[in-house]
4 protein chains.
Amino acid sequence: MDHKEGQYKVADLSLAEEGRKRIEWAESRMPVLMKLREEYSQSQPFAGYKITGCLHVTKETAVLIETLKACGAEVAWSGCNPLSTNDSVAAALALGPNGDGDGVEIYAWYGQDTEAFYWCIDRTIDTTPSTTLDDGADLIFRVHSQFPEKAQDIIGGSEETTTGVHRLRAMAEDGKLLYPVYAVNDAETKWDFDNVYGTGQSTLDGILRASSVLLAGKNFVVAGYGHCGRGVAMRAKGMGANVIVTEIKATAALKATLDGMRVMPMEEAAKVGDIFVTATGMKDVVRGEHFVSMKEGAIVCNTGHYDVELDLVALNDIAVSKRTIREDNVEYTMDNGRKVYVLADGRLVNLAAAEGHPSEVMDMSFANQLQAHLALIRRHEAGEDLPNTVLDLPEELDQEIAGIKLETMGLAIDTLSDEQVAYATDYSAGT
Amino acid sequence: MDHKEGQYKVADLSLAEEGRKRIEWAESRMPVLMKLREEYSQSQPFAGYKITGCLHVTKETAVLIETLKACGAEVAWSGCNPLSTNDSVAAALALGPNGDGDGVEIYAWYGQDTEAFYWCIDRTIDTTPSTTLDDGADLIFRVHSQFPEKAQDIIGGSEETTTGVHRLRAMAEDGKLLYPVYAVNDAETKWDFDNVYGTGQSTLDGILRASSVLLAGKNFVVAGYGHCGRGVAMRAKGMGANVIVTEIKATAALKATLDGMRVMPMEEAAKVGDIFVTATGMKDVVRGEHFVSMKEGAIVCNTGHYDVELDLVALNDIAVSKRTIREDNVEYTMDNGRKVYVLADGRLVNLAAAEGHPSEVMDMSFANQLQAHLALIRRHEAGEDLPNTVLDLPEELDQEIAGIKLETMGLAIDTLSDEQVAYATDYSAGT
Amino acid sequence: MDHKEGQYKVADLSLAEEGRKRIEWAESRMPVLMKLREEYSQSQPFAGYKITGCLHVTKETAVLIETLKACGAEVAWSGCNPLSTNDSVAAALALGPNGDGDGVEIYAWYGQDTEAFYWCIDRTIDTTPSTTLDDGADLIFRVHSQFPEKAQDIIGGSEETTTGVHRLRAMAEDGKLLYPVYAVNDAETKWDFDNVYGTGQSTLDGILRASSVLLAGKNFVVAGYGHCGRGVAMRAKGMGANVIVTEIKATAALKATLDGMRVMPMEEAAKVGDIFVTATGMKDVVRGEHFVSMKEGAIVCNTGHYDVELDLVALNDIAVSKRTIREDNVEYTMDNGRKVYVLADGRLVNLAAAEGHPSEVMDMSFANQLQAHLALIRRHEAGEDLPNTVLDLPEELDQEIAGIKLETMGLAIDTLSDEQVAYATDYSAGT
Amino acid sequence: MDHKEGQYKVADLSLAEEGRKRIEWAESRMPVLMKLREEYSQSQPFAGYKITGCLHVTKETAVLIETLKACGAEVAWSGCNPLSTNDSVAAALALGPNGDGDGVEIYAWYGQDTEAFYWCIDRTIDTTPSTTLDDGADLIFRVHSQFPEKAQDIIGGSEETTTGVHRLRAMAEDGKLLYPVYAVNDAETKWDFDNVYGTGQSTLDGILRASSVLLAGKNFVVAGYGHCGRGVAMRAKGMGANVIVTEIKATAALKATLDGMRVMPMEEAAKVGDIFVTATGMKDVVRGEHFVSMKEGAIVCNTGHYDVELDLVALNDIAVSKRTIREDNVEYTMDNGRKVYVLADGRLVNLAAAEGHPSEVMDMSFANQLQAHLALIRRHEAGEDLPNTVLDLPEELDQEIAGIKLETMGLAIDTLSDEQVAYATDYSAGT
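Remember, predicted model here, so these are calculated numbers, not experimental data.

J.: Got a sec to walk through the overall build of chain A? Specific residues and values, please.
T.: A count of helical and extended segments in chain A gives 18 helices and 17 strands. In summary, chain A has a C-alpha radius of gyration of 22 Å against a globular reference of 22 Å for 431 residues, a match within 12%. In terms of overall dimensions, chain A has a C-alpha envelope of 70 × 65 × 45 Å along the principal axes. When contacts within chain A are restricted to residue pairs at least 6 apart in sequence, those whose partners lie at least 24 apart make up 72%. Accessible surface for chain A amounts to roughly 14100 Å². Of this, 46% is attributable to carbon and sulfur atoms. In chain A, 39 positive and 67 negative side-chain charges are present, and the distance between their average locations comes to 6 Å.

J.: Describe in detail the interface of chain B and chain A, supporting the description with residues and values.
T.: Taken together, the 68 residues of chain B in the interface contact 68 residues of chain A. Here chain B meets chain A over a buried area of about 6000 Å², counting both sides, of which 61% is carbon and sulfur. The tally of links between chain B and chain A comes to six salt bridges. Here B:Lys255 makes a salt bridge to A:Asp192, at a shortest N to O gap of 2.5 Å. Taken together, the connections running from chain B to chain A amount to 26 residue pairs in polar contact (both at pLDDT 80 or more).

J.: Describe the relation of the copies chain B and chain A, listing the residues and the values that go with them.
T.: Once chain B has been moved 0.0 Å along the axis and rotated by 180°, it coincides with chain A to within an RMSD of 0.0 Å. The operation mapping one copy onto its partner corresponds to a two-fold rotation axis. Interface overlap between copies: 100% of the residues of chain B at the interface are likewise at the interface in chain A, consistent with a symmetric, same-surface contact.

J.: An account of helix H5 (residues 114-125) of chain A is needed here, citing residue identities and associated values.
T.: All names here are of chain A. Relative to the 16 Å expected for 12 residues at 1.5 Å per residue, H5 spans 17 Å between its end C-alpha atoms, a close match to the ideal helical length. Inspection of H5 places Ala116, Phe117, Tyr118, Cys120, Ile121, Asp122, Thr124 and Ile125 among the buried residues, and these make up the whole buried set. Buried residues along H5 sit in contact with strand E3 (50-54), strand E4 (74-78), strand E5 (105-107) and helix H6 (138-146).

J.: Describe in detail the relation of the copies chain A and chain C, supporting the description with residues and values.
T.: With an RMSD of 0.0 Å, the operation that places chain A on chain C is a rotation of 180° combined with a shift of 0.0 Å along the axis. Taken together, the interface assignments show that 100% of the residues at the interface of chain A recur at the interface of chain C, consistent with an identical surface on both copies.

J.: Please give an account of the packing of aromatic side chains that cites residues and values.
T.: Taken as a whole, this structure holds 16 aromatic pairs over all chains when the rule is applied. Between the aromatic rings of B:Tyr107 and B:Trp119, the centroid separation amounts to 5.8 Å while the plane-to-plane angle is 85°, which identifies the pairing as edge-to-face. With B:Tyr107 in strand E5 (residues 105-107) and B:Trp119 in helix H5 (residues 114-125), the pair connects residues that are 12 residues apart, well separated along the chain. Owing to a relative accessible area of 28%, B:Trp119 belongs among the partly exposed residues under this scheme. Their ring planes at 85° and their centres at 5.1 Å tell us that C:Phe117 and C:Tyr118 sit as a pair that is edge-to-face. A residue is classified by how much of its surface remains accessible, and C:Tyr118, at 18% relative accessible area, is buried. Over the aromatic face of B:Trp119 sits the side chain of B:Lys9, whose NZ or CZ is 4.9 Å from the ring centroid. The ring of C:Trp25 is capped by C:Arg29, whose NZ or CZ atom sits 4.4 Å from the centre of that ring.

J.: So what about unusual backbone geometry? Which residues, and what values?
T.: Even without being a glycine, B:Asp284 presents a positive backbone phi close to 55°. On the secondary structure map, B:Asp284 appears in the loop between strand E12 (275-278) and helix H13 (288-293).

J.: So what about the interface of chain A and chain C? Which residues, and what values?
T.: Counting from both sides, the interface comprises 13 residues of chain A and, opposite them, 13 residues of chain C. Note on chain A versus chain C: buried area summed over both sides is about 890 Å², and carbon and sulfur give 53% of it. Remark: the boundary between chain A and chain C carries zero salt bridges. Viewed at the interface, chain C and chain A are joined by four residue pairs in polar contact (both at pLDDT 80 or more).

J.: How would you sum up the domain arrangement of chain A? Please name residues and give values.
T.: Residue and element names in this part refer to chain A. Taken domain by domain, chain A comprises domain 1 (8-192 + 356-408) and domain 2 (197-352). Relative placement of domain 1 and domain 2: their C-alpha centres are 29 Å apart. For the domain 1 and domain 2 pair, buried surface summed over both sides reaches about 1600 Å², with 58% attributable to carbon and sulfur atoms. Put simply, domain 1 and domain 2 have zero salt bridges between them. At the level of secondary structure, the elements contributing two or more residues to the side of domain 1 that touches domain 2 comprise H6 and helix H7 (162-173). For the side of domain 1 that touches domain 2, the per-class residue count stands at eight nonpolar, nine polar and four charged.

J.: Could you give an account of the pairing of E3(A), with specific residues and numbers?
T.: Here is the key point about a regular strand: its side chains alternate between the two faces of the sheet. All names here are of chain A. Burial of E3 is extensive: four of the five residues sit out of reach of the surface. Inspection of the sheet shows E3 paired to E4 by five bridges, in the parallel sense. Within E4, the position partnered with Thr52 by the bridge is Ala76. A crossover connection joins E3 to the parallel E4 through helix H3 (residues 59-70); in handedness this β-α-β unit is right-handed.

J.: Explain the sheet that holds strand E1 (residues 2-4) of chain C residue by residue, including any values.
T.: Residue and element names in this part refer to chain C. One open sheet holds the nine strands; their spatial order is E1-E2-E5-E4-E3-E6-E7-E8-E17, and the pairing between them is mixed. With partners counted over all chains shown, the strands left at the sheet margins are E1 and strand E17 (390-391), one partner each. Across three bridges, strand E7 (residues 156-159) lies against strand E8 (residues 181-183) in parallel orientation. Looking across to E8, one finds that Ser158 is bridged to Tyr182. Sheet contacts for helix H4 (residues 87-95): strand E2 (8-10) and strand E5 (105-107); angle to E2, the most-contacted strand, approximately 160°.

J.: Tell me about helix H4 (residues 87-95) of chain A, and please be specific about residues and values.
T.: Think of an α-helix as 3.6 residues a turn; residues three or four steps apart then line up on the same face. Residues and elements named next belong to chain A. Across the nine residues of H4, nine count as buried, placing the element largely inside the fold. Every buried residue of H4 is listed here: Asp87, Ser88, Val89, Ala90, Ala91, Ala92, Leu93, Ala94 and Leu95. Looking at the buried residues of H4, the elements they touch are strand E2 (8-10), helix H1 (16-27), H3 and E5. Phi turns positive one or two residues past the end of H4, at Gly96, with a value near 85°.

J.: Please set out the packing of helix H2 (residues 31-43) of chain D against helix H3 (residues 59-70) of chain D residue by residue, giving values where relevant.
T.: Residues and elements named next belong to chain D. Taken N-terminus to C-terminus, the directions of H2 and H3 make an angle of 15°; their axes are 9 Å apart at the nearest point. As far as their axial angle goes, H3 and H2 are roughly parallel. Between H2 and H3 lies a crossing whose hand is left-handed. Facing H2, whose interface residues are Leu33, Met34, Arg37 and Ser41, H3 presents Val63, Leu64, Glu66, Thr67 and Ala70. A per-class count over the contact of H2 with H3 returns five nonpolar, two polar and two charged.

J.: Could you give me a rundown of the UniProt feature "domain: S-adenosyl-L-homocysteine hydrolase NAD binding" (unreviewed entry) in chain A, with the residues and numbers involved?
T.: When the UniProt feature table is mapped to this numbering, "domain: S-adenosyl-L-homocysteine hydrolase NAD binding" (unreviewed entry) covers residues 195-356 of chain A. Between the C-alpha atoms that bound residues 195-356 of chain A the distance is 11 Å, and the span itself is 38% helix and 25% strand.

J.: Can you break down the pattern of salt bridges residue by residue, with the values?
T.: On inspection of all chains with the given rule, the structure shows 108 salt bridges over all chains. Of the charged contacts, one joins C:Asp102 and C:Lys69 as a salt bridge, the two residues approaching to 3.4 Å between their closest N and O atoms. One end of the pair, C:Asp102, is in the loop between H4 and E5; the other, C:Lys69, is in helix H3 (residues 59-70), and 33 residues separate them in sequence. Three or more residues are tied together by salt bridges with common partners; here these are A:Glu18, A:Arg22, A:Lys59, A:Glu60, A:Asp205, A:Arg209, A:Glu355 and D:Arg326.

Procedures and definitions
Residues numbered from 1 in each chain as written. Chains lettered and ligands numbered in written order. Predicted model: local features only at pLDDT ≥ 70, side-chain atom pairs only at ≥ 80, totals over all residues. Heavy atoms only, no water. Helix = DSSP H or I, 4+ residues; strand = E, 2+ residues; numbered from the N terminus. Rg over C-alpha atoms; globule rule 2.2 N^0.38 Å. Contact = heavy atoms within 4.5 Å. Areas by Shrake-Rupley, 256 points an atom, 1.4 Å probe, with all protein chains shown as cover. Lys, Arg positive; Asp, Glu negative; His and termini not counted. Charge placed at Lys NZ, Arg CZ, Asp CG, Glu CD. Buried area = accessible area lost by both parts, 1.4 Å probe. Salt bridge = Lys/Arg side-chain N within 4 Å of Asp/Glu carboxyl O. Polar contact = N/O pair within 3.5 Å; in protein donor to acceptor, adjacent residues only side chain to side chain. Least-squares fit on C-alpha atoms with pLDDT ≥ 70 in both. Expected span 1.5 Å × (residues − 1). Buried < 20%, exposed > 50% of the residue type's maximum accessible area, 1.4 Å probe, protein only. Phe/Tyr/Trp six-rings, centres within 6.5 Å; stacked < 30°, edge-to-face > 60°. Lys NZ or Arg CZ within 6 Å of the ring centre and 35° of its normal. Domains from an automatic or database assignment. Nonpolar A, V, L, I, M, F, W, Y, C, P; charged D, E, K, R; others polar. Pairing = 2+ DSSP bridges. Right-handed = clockwise from strand over helix to strand, strands pointing away. Axes fitted to C-alpha atoms, helices over the stretch in contact; angles between N-to-C directions. Parallel < 35°, antiparallel > 145°, perpendicular 65-115°, else oblique. Left-handed = near helix turned anticlockwise from the far one by under 90°. UniProt positions renumbered as here; feature names shortened; annotations may be inferred.

See the structure below:
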């Protein structure tokens, strides 16, 4: 472990060169964020502000972090999951773009225990942030529960995930939220892209790296048919799997059916599934009673934010032995003699076993993050008194971000003539 | 033409038996609406009310109409498109379920001119409706522009389409709406099913009946990637076509790209397309300049509500001759010597050349229509003074409708335990 | 019925104009055959020969027939299925391209009984053919069983279907075949296109025209996963159906599984299917025991050549009543109270309820037919003594036909350099 | 490097435990081969014979090798590609199942140079094999070119790949083949499964591990639409890519079109592609002229057997600099300033950057290998004098292997009744 107080604690600084190349690779696939970096590194909108983040330390996050810094911010960062930090990227961030130590304050390494996890977050809170940037709301919850006095200095925050936003809204409704938070997740260019296309591909990528099994012909069970679950189901189908969806919401279940998926309760799915992925945001989705009814060799994993979707406590009770059969893949032999395989300890398989969402989708999600913090600072500087509630990014921003993205892909679209614009809301014409 | 004043004007009453069987076929595929019919035919909630509708006279609409009647309403009806009436269904409606003349007041036949179209609507307004039910807002616009005095007796209305709701919202914003209208289109169990899966299948069905060309390997251009356009694109891809999308909205264009479609402006698409479908709600989407650049043999049609998406005036100017090559398919020979084929005169190809959306999706859309009129009557009877604005149906209704649908399909889903319900909004737990 | 001895017997000559336009529509979609027509109408290779055909009288077949005639042949034709004749096309063929009566000898109408079916074939045999052209081998079987004396004048024949070729090979093996027959079906540009993409689309088209049900979300059972069955399954999946395959061959079943389909015996599939299509070439695939276990409202049809795949005799025994609920769709109420719907009387649903394969695929199949008869005549004129066996068309022909097709679609491919050609078979180079 | 003369030369014996677990993982996914192992380890058919193999040293190959040994063979092995050996698996093979050194003779490590590559093969030839087992024909070519005197002791061989079989057939035609070889590739349960579903998934897996880019929305160019190319194209499409196919064969190009792919020459594809995969078996498919016309950031790789499909010599000439940006991914900066990325040095990306085909498909391919060597030994022992030519495995074997596979997947199929069997070849029945 390499540790320099007030600067970094990372696994191994010697990995920095590898990490730097990974970051460069990501930069080459994130044109929207790089364009915004270029623009705002001129005007330095974050000069004088401290942005503290708690979000998976991947190559894409590094591009966001270094963009925030390039635009004037002081940045302090921790990872938001014990298994999602890429140690080479963390090292590169600590040493900075030139490898000379002019990096950002970062506390993150792969394979932390719970104590270390919170220790890292707390170090970033020590910096007395101007704004907080969350993925799963751990940082903001920590501020609220352990360091509420810091909240008065915090202009606002942002949150990346469906799960996190859901909870922050509950908190705001209870009047417990201490500062305003932008629901970055709820921007169309985030949830309708990152959650669908990002989760879809990266979850399969994680499963393949951890198991290398054939997907074609498998009974592939997806728990939850929200945006993430739909993305996973769609891609599993695209690889030739026979997809089964479990749901608690009738409309979602019906959509799954009309998309060609089978729908059944988990109790039945457990008996026929070959591969299971949870994407619900809910706890105890796959329980002991389900594990025992699974077929020999079933593979089980989670791609939801928290590691609560699989009840591994129950599985450990049922198991007579366990061993790591290959990286990110633990074999449990149950007392009924059958073996099941749990990937990435039930943590998000796309980040723990693969590299998280592809750079191309994080490009847009993180452009929204940048814009959220720009909005917080600007509205603060304009003297606006924002309510302590969950805020939405303006819809025009989605068209702007998507427009830049299309342009960088070399794609053009049509525009309406004045006559057509007028027609759009004209209620005088008939059939 | 068979005409009995104050009762019906339809093409040919002798088609009633064929129409009755079509209606029975539809009933067997619409379990949700039939279940509601059973329930409310007991309580007669519409007793004493007149429901006037203007909506495609198809076998599915007949099931809705006869359900409204069974639940106590007096019904008067016209078709909402000159080419979408099924004459056998109209005859069956006129004569009633037993063929004895105890039918509903109906004015509709296939192939009307504009004058007849409005004549039919006006006859239904003559009945002094309690509520209006629209698909494309022609009836409600007619009330507003020609019979505003009738509005004071009207409790409220409902609207079925994206296009119609869009316009009614503009009208309400301008303070021009004379009574409240439920946006049935905006119910999730309508727009996220009917618009996607219904339009997707029925549009291809219409194209095949009118042309019988091979879809596999064709450059299939879809203008508009909203819910309808996405449905069409998805199904065209499912039939082996190579789909090209044109859009004016960056986010929609980007989604099309990530769904594996090509995106380009119509100017370019016009040159490479084999088949064109418009699904935009906008006028002049395919214009003269596009027709002239099309390949020999291109097929062009529209699946949007109004017949304004293809500029056929411009095409007629360019054309040196035209002839009907087969039903619903007109061959235009342009002055550049090339031929293009326009289906269903640019009117919605799924209704004019095929049978409109399958019964199974209309089942849910029309369950929403029934619920909208139930809500209008109930709130009226409860003495509620609704604002003259566009109203949304409650979200719980979607889960109820989808739940019944799943049940009738023999599908079960999971339910949350109390502990899980509590977890959903718990912000005290962390990673 | 319009009948002129020795010239035609068709349903209604007044339909000729409509039929002529249909044929013109088909011509515009069959560039390969039209190119061959142009080429060989110069050299008149068939001058002096009589080609007798027994093949579905569709608009595409008309293009083949008129091409044969344009290249010098005298043609006599009958339909190869009682429900597949398009009466307008038959009328147009009888009256000829100019409508002046200079047509071909044709005996075909929609809705024949068995006696009429054979009467028509026999009239074409009366002409003492030089070659026979079959689809399902009815003509050639009739020659063998009823008019064996005609065989000595017959140079050879051709056969269009998998089923027919299968039987002719059995016949040849038994030494019963009286003249050589080209297995047109076995040309790659026939079986790997027509059978897959043609059957796939046209079968769904037939089902939709006869039922208009939603395919998305349906349990869609395909019996047989040969080329035809795979095409149907692929397209049903593309429309959002959940496809179940029944098979008797392990390799085919396994492929279905890896293509994302479910595999089970018909006994189980019968209980869960919503729609059934047989594509096996085998008899009694769906039997009485299957019908009785079907769900209320199940739809059953066949797309195989003969009408033996559904055991309708058994169904009629079980049924307490039956009625035609809509065109090509008969409702059987079984003694268990449930209703099932049989499309097109169990005859090929794509031809009886829709228009058969799209012109674009028949273009290649019929180019092969033309080439087969050219080969028969040329080899005969060259004095070759062909054995009485089933012959394959040369593989180069496939590349030639596909090459023309690509060219007419505006598509280019690569060619190998001399160095690359040499490399292809070089076994001196290593890793 | 760990080296024990006459026993093994592998990278690192200490990796054996990890390798052993990998092999166990593969065993759990290869039920067909394991069933054959169980059966033949009783009868020891290979007792007294030496089987020498040259095939990618993966976990699946290890299951084959240890099955051959369990059935009595003495085995000597080398890898058939410099980048495809898994070092942990090689170590485990060297030390044997119990880790006590009772392994097989093996010479293989990741990252060999050409000299070492042949040295390894030559060591296995030193053992004077009874049969040879090839993947790409390097071993058999080496016997023919360097050790022809060994051929007289060799009963026969087998070959795994399309490319290898193609060359061996050329060799046999020239009368140069010194012993008979079973074309394992040509078994339906090999080429129609492994080549399609195996290559499809594993190629994408390799690309993702080496690049982690988003596939959705990418222009994904596949050179070659044979079985391998079709598998890659199908899966790329399933992940949301927009697939472009280049071909030299008209029928294959046309199929690609009807499967919804775009077809164009490489010259055009080079300009628009984002990702390129070659699967042709041909050399110089992507040439210097293509690299220079590529877009900034293009990713190029090969999944064909030999590393000749990309002309990297030409690329090196054009490049002004190159560096490894991440594992298996080299960045070339060309003199036009643009960068392209070549994965796995142009060697098969699925084996070099991922783990090769999933165990589930190798299960069938290797069952065929086992059967091929059983057939060679049995026919030899029966005194048959096989010609020095390329032999096909019997078709019944495919049904047997697929049947076992289905059974282990818990899937049942139908069987024909006697009456149905009789019907299949009955040519007396008509329409």
